[in-house]
Amino acid sequence: MTRRFKKSLKTRNRKRKRLLNLRERIKTSIKITSIEKAKSFVKNLSQRVLEDDEWLLLSKGVKFIPQPSLKGLRKSIMNDFEEFERKLRCHYLFHDSKNDSKHPFYINSGYKPAYSCGTLENYLFATKYELSKINLKKMSPNLNKNEQKALRNLVKNKEIIVRKADKNSTLCILDKSTYIKEGLRQLENELYYEEINQSRIANATKLIHDLIEKWQRNDQIDKITYKFLLQNLFNKKIGKFFLLPKIHNIPPEILLEIENNPAKIIEYGFLGRPILSLCGTPFHNLSHFIDRILLPLVQSQNTYIKDTKDFIQKLENLNLNNNILLATFDASNMYTNLEYSEIIEAVKRVTKNLICNNYPFQIPPIEDIIKSLEIILKNNEFTFNSKTYRQRTGVPMGGAASAELADIRMFEILEHILSKYSHRDKIAFCGRYRDDGFILFNGNKNELQELFITANKAHKYLKFTYEISSERIIFLDTEVYKGKRLLDSGILDLKTFRKPTETFQYLDRNSCHPKSVFKGFIKGEIIRNIRNTNDIYERTKIINSFREKLLQRNYKQTEIDEAIISTSNLERNDLLTNTEKPDVKTTIFITKYNPAVKQLKRSIIKHWNLIENDPELSIILRRKPVIAYKRHKNLQEKLTRRDKS
């Protein structure tokens, strides 16, 4: 009996051991598959060999938010509620006064009324009590221990740079030495940049301050604009220069070769798009002010394209023949190749007949705007690799007014080119979005090439690259081609286009975001595909592909299907029509999202019936409050440390 028992025990132990081994093999197999999938989302162009858990972490994407801690959460909610209280009291006390919040440069005063009225105070007290006892559910972290360790290691590593690719969602890992070498290569070009030992910002700030004070004394700007322009004016912060890897310009076979042998990046050369971050710098608000003045002037240009939707609307209204030629062009390094003097002169010309009454805010004299613009352009200072530089020409990519300034001058250059072009009458359509242009031409290829030969002689520094096709071409995020619709109704066909280097690194479903963000993203992308693709068969193919990509990013089949069903009745023509949203005043409770907080919305509106039953308050506060979430730090903010460069 004892022998039989021992034998059965040994058998059970062997079976248990085999089962454990099988489970371990399955886990290992799943992890290997996950790592292989992770490598498709990340381009490691550095010498550093990434560990398996680092691949898994980085594949989650730069927008991924790790699960935040519960520490200090309740206190944070109560602090956010204090701001909500302030808003409701101000709304009650000043509902009859002029609504300054509609002013484009309005800044919250921060005024804190001590009391409003009995009913509102009862609601606030009751809601505050509800929030004080709100349940906090302990949540499992969305990063395992190995991934958390990988994050700490990557944050501490000072030998690599993590950047999102230019015009792409792909994450790139670069050696810091390679990154700095490319940055210095660009900054050592004396035509565009100069290294400086002494800053001129203090003197420039004084000149700008004197101008703003003069405008205020002479009643040339309103009080709200005055307050906005002074904000951060004496801030000593200067810009930060950084690069986005331009992997979309690298052929796939070369990119693969660099991944397999990172040393090859030196041989082929790493290209980065220079971006100048100017947020919080002394002239950032003034640049915004100038941008708002110039924007309507840019929008009035006959070649202006606002975005993809605007581009499609324009194409849908054209009646074309089957022999039409399709062409796109690109103005190389437009932002840096335009000189200060020509930009300022172009702004002078375009603002000569400016009608100031068309703006919802007061505008100072045009000559003063030009003067302030000159000061801004000549004092674009920034740091890179612990050194300080100044941009000598052009406008900084990342400046608040840069796009409008470049657009104004580019329009003049394009008009000058077209005025010299002998076949201008054969151009059926010419549109431009920033430095990218689109042309439809009723002629032959040689005649169209003459346009770009003329264009490349029109400017001292600006050069144009172009592509001509008789069948299909890419512009913005669409592929424009000749299909059945052109034969039937004279309208070109369109479909959504993605670059070959796009890895579709969509926001990972396990990221710490509200459910509404994921639902809104899926629905928004489907709507974009419906709008950009006119052929139903092509549209179905694109949406099915999108579905597969979402499943790879841990989205649930049910939520994808819900979004598809909710958009199934949408008409493409309706999506291409501009509709104005109703302006309804709503009080917003702003707080940081944490899934550990349950029934937050219920707590906020539980006692709203006190407001609804009050004859006066029910008119002043017509709509229930809504919750808007701020986010915690994502992987981009944790890993892409600009100060590290």
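One can find the structure itself at the top, above this paragraph.
All of the points below concern the structure found in this document. (Residues numbered from 1 in each chain as written. Predicted model: local features only at pLDDT ≥ 70, side-chain atom pairs only at ≥ 80, totals over all residues. Heavy atoms only, no water.)

Let us now look at the overall build of the protein. Scanning the protein for helices and strands turns up 26 helices and 17 strands. Seen through its C-alpha atoms, the protein measures out along the principal axes to roughly 105 × 70 × 65 Å. Expressed as a percentage of its 645 residues, the buried residues of the protein come to 49%. Counting only contacts in the protein whose residues sit at least 6 apart along the sequence, the fraction spanning at least 24 positions is 79%. Entry remark: accessible area of the protein is about 34500 Å², with carbon and sulfur atoms responsible for 50%. In the protein, 116 side chains carry a positive charge and 76 a negative one; their mean positions are 11 Å apart. (Helix = DSSP H or I, 4+ residues; strand = E, 2+ residues; numbered from the N terminus. Buried < 20%, exposed > 50% of the residue type's maximum accessible area, 1.4 Å probe, protein only. Contact = heavy atoms within 4.5 Å. Areas by Shrake-Rupley, 256 points an atom, 1.4 Å probe, with all protein chains shown as cover. Lys, Arg positive; Asp, Glu negative; His and termini not counted. Charge placed at Lys NZ, Arg CZ, Asp CG, Glu CD.)

For the rest of this paragraph, the subject is the sheet that holds strand β7 (residues 325-331). By definition, the strands of a sheet pair up through backbone hydrogen bonds, in either a parallel or an antiparallel sense. Spatial ordering of the open sheet is given by β10-β11-β7-β12, a layout of four strands whose pairing is antiparallel. Each edge of the open sheet carries a strand with a single partner, namely β10 (427-433) and β12 (464-469). Each adjacent strand pair in this sheet contributes to an overall mean axis angle of 15 degrees, direction not counted. Against the sheet, helix α17 (residues 445-455) engages β7, β11 (436-441) and β12, with an angle of about 170 degrees to β12. (Pairing = 2+ DSSP bridges. Axes fitted to C-alpha atoms, helices over the stretch in contact; angles between N-to-C directions.)

Moving on to helix α20 (residues 536-552). In a regular helix each residue adds 1.5 Å, so 17 residues correspond to 24 Å; α20 covers 25 Å between its end C-alpha atoms and thus fits that length. Along α20, the positions that sit buried rather than exposed are E538, R539, I542, I543, F546, R547 and L550. A distance of 3.1 Å separates the backbone nitrogen of Y537 from a side-chain oxygen at the start of α20, and that oxygen is part of D535. N554 occupies a position one or two residues after α20 and carries a positive phi of about 75 degrees. (Expected span 1.5 Å × (residues − 1). Polar contact = N/O pair within 3.5 Å; in protein donor to acceptor, adjacent residues only side chain to side chain.)

Our next topic: the pattern of salt bridges. If you walk through the whole model with that rule in mind, you get 36 salt bridges. Here R434 and D407 are joined by a salt bridge, their closest N and O atoms 2.5 Å apart. Linking R434 in the loop between β10 and β11 with D407 in helix α16 (residues 402-420), this pair joins segments that are 27 residues apart in sequence. Since its relative accessible area comes to 22%, R434 is described here as partly exposed. Using a relative accessible area of 2% as the deciding quantity, one classes D407 as buried. A salt bridge links R498 to E502, with the shortest nitrogen-to-oxygen separation between them at 4.0 Å. The class for E502 is buried, based on a relative accessible area of 13%. Here the salt bridges do not stand alone but share partners, grouping D477, R498, E502, E525 and R528 into one network. (Salt bridge = Lys/Arg side-chain N within 4 Å of Asp/Glu carboxyl O.)

Among the secondary structure elements, H248 is positioned in the loop between β5 (239-245) and α9 (252-260). Residues in contact with H248, not counting those within four places in the same chain, are D166, K167, K499 and T501.

Sheet architecture is open: five strands sit in the order β4-β9-β8-β5-β6, paired in mixed fashion. The open sheet has two free edges, formed respectively by β4 (193-195) and β6 (272-277), since each of these has just one partner strand. Between one strand axis and the next, the sheet turns by 40 degrees as a mean value, whatever way the strands run. Bridging between β5 and β6 involves six bridges; their strand directions are antiparallel. In the sheet register, F241 faces β6, and the bridge partner there is L276.

Under the definition given, this model contains five cavities of 30 Å³ or more. Its boundaries defined by the atoms lining it, the largest cavity holds a volume of some 240 Å³. Where the lining of the largest cavity is concerned, the elements lending two or more residues are α11 (284-299), α15 (366-377) and α16. When its volume is computed, the second largest cavity comes out at roughly 60 Å³. Around the second largest cavity sit F329, L414, I417, L418, C430, I439, L451, F452, A455 and F464, which together line it. Put simply, the parts of the chain that give the lining of the second largest cavity at least two residues each are α16 and α17. Here the lining of the second largest cavity is built from residues that sort into 10 nonpolar, no polar and no charged. (1 Å grid on protein atoms, 1.4 Å probe; cavity = no way out; pocket = protein on both sides within 12 Å on 5 of 7 lines; lining within 4 Å. Points joined across faces, edges and corners; volume = space filled by probe spheres on them. Nonpolar A, V, L, I, M, F, W, Y, C, P; charged D, E, K, R; others polar.)

Here we come to the packing of aromatic side chains. In the structure shown here, the tally under the stated rule is 33 aromatic pairs. Centre to centre, the rings of F329 and F464 are 6.0 Å apart; their planes meet at 65 degrees, and the pair counts as edge-to-face. In this pair, F329 sits in strand β7 while F464 sits in strand β12, placing the two residues 135 residues apart along the sequence. Just as F329 is buried, F464 falls in that class too. Measuring from centroid to centroid gives 5.3 Å for Y506 and F521, while their planes differ by 55 degrees, and the two rings are tilted. (Phe/Tyr/Trp six-rings, centres within 6.5 Å; stacked < 30°, edge-to-face > 60°.)

Looking now at the nonpolar core. Within the largest apolar cluster, 66 residues are counted, with the highest numbers of intra-cluster contacts made by L405, I439 and L448. Residue contributions to this core peak at nine residues, all from α16. In this structure, L448 is in contact with L325, A327, Y421, I439, F441 and I468, ignoring residues within four places of it in sequence. Listed in part, the 27 residues of the second largest apolar core include F241, F242, L255 and Y389. (Core = buried A, V, L, I, M, F, W, Y, C linked by side-chain atoms within 4.5 Å.)

Taken together, the buried positions of helix α8 (residues 223-230) are I224, T225, Y226, F228 and L229. Here the buried face of α8 lies against α7 (201-217) and α11. One side-chain oxygen of the residue at the start of α8 lies 3.2 Å from the amide nitrogen of I224, identifying that residue as D222. Just beyond α8, the residue with positive phi is N232, at close to 65 degrees.

Turning next to a positive patch on the surface. Together, K137, K515, K519, K556 and K598 give the surface a local cluster of positive charge. In this fold, K556 is placed in the loop between α20 and α21 (557-566). (Patch = residues over 30% accessible without salt bridge, like charges linked within 9 Å, V, L, I, M, F, W, Y side chains within 5 Å.)

This part takes up the state of the cysteines. Applying the stated rule across the entire model yields zero disulfides. Among the cysteines around C117, which has no disulfide bond, C90 carries the closest sulfur, lying 13 Å off. (Disulfide = S-S within 2.5 Å.)

Limitation: the analysis is restricted to geometry and does not speak to function.
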